[in-house]
Amino acid sequence: MDIRRDSLQSLLRGDSTVLIPRVRLIYEGGELKPMNVRVTDVAVSKTQEKVPGVEVFFQ
């Protein structure tokens, strides 16, 4: 998946890849915010164990 901004494409040559050291997921509420806190905590913990550098926040 290529999620870079169009303005950055010209800086990379060909099929260049970029390392992503950290991913931050922020849920701001609404329909996407999980309702079951216990299940959510388990899912976040397992994700953080399996994928170093992932941060999950709920606002």
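Right, let's walk through the structure included here. Nothing here was measured: the structure is a model prediction, and the numbers come from that model.

Thresholds, definitions, all that
- Residues numbered from 1 in each chain as written.
- Predicted model: local features only at pLDDT ≥ 70, side-chain atom pairs only at ≥ 80, totals over all residues.
- Heavy atoms only, no water.
- Patch = residues over 30% accessible without salt bridge, like charges linked within 9 Å, V, L, I, M, F, W, Y side chains within 5 Å.
- Areas by Shrake-Rupley, 256 points an atom, 1.4 Å probe, with all protein chains shown as cover.
- Salt bridge = Lys/Arg side-chain N within 4 Å of Asp/Glu carboxyl O.
- Buried < 20%, exposed > 50% of the residue type's maximum accessible area, 1.4 Å probe, protein only.
- Helix = DSSP H or I, 4+ residues; strand = E, 2+ residues; numbered from the N terminus.
- Expected span 1.5 Å × (residues − 1).
- Polar contact = N/O pair within 3.5 Å; in protein donor to acceptor, adjacent residues only side chain to side chain.
- Pairing = 2+ DSSP bridges.
- Right-handed = clockwise from strand over helix to strand, strands pointing away.

**Remarks on a nonpolar patch on the surface**
Reasoning step 1: A cluster of nonpolar residues, Ile 20, Val 23 and Leu 25, forms a patch on the protein surface that exposes about 250 Å² of accessible area.
Reasoning step 2: Classification of Ile 20 as exposed rests on a relative accessible area of 59%.

**Description of helix H2 (residues 37-50)**
Reasoning step 1: Its 14 residues place the ends of H2 20 Å apart at the C-alpha level, agreeing with the 20 Å of an ideal helix rising 1.5 Å per residue.
Reasoning step 2: For H2, the capping residue at the N-terminal end is Asn 36, with a side-chain oxygen 3.1 Å from the backbone nitrogen of Arg 38.

**Section: the pairing of strand S2 (residues 54-58)**
Reasoning step 1: Bridge count for strand S1 (residues 23-27) against S2 is five bridges, and the pairing is parallel. Looking across to S2, one finds that Arg 24 is bridged to Glu 55.
Reasoning step 2: For the crossover that starts at S1, traverses H2 and ends in the parallel S2, the hand is right-handed.

**Quick look at the pattern of salt bridges**
Reasoning step 1: Evaluated as defined, the whole model comprises one salt bridge.
Reasoning step 2: The salt bridge partner of Arg 24 is Glu 55, with a shortest N-O separation of 2.8 Å. Taken as a pair, Arg 24 in strand S1 and Glu 55 in strand S2 lie far apart in primary sequence, 31 residues in all.
Reasoning step 3: Classification of Arg 24 by relative accessible area gives partly exposed; the value is 45%.

The quantities given are spatial measurements derived from coordinates; they are silent on function.
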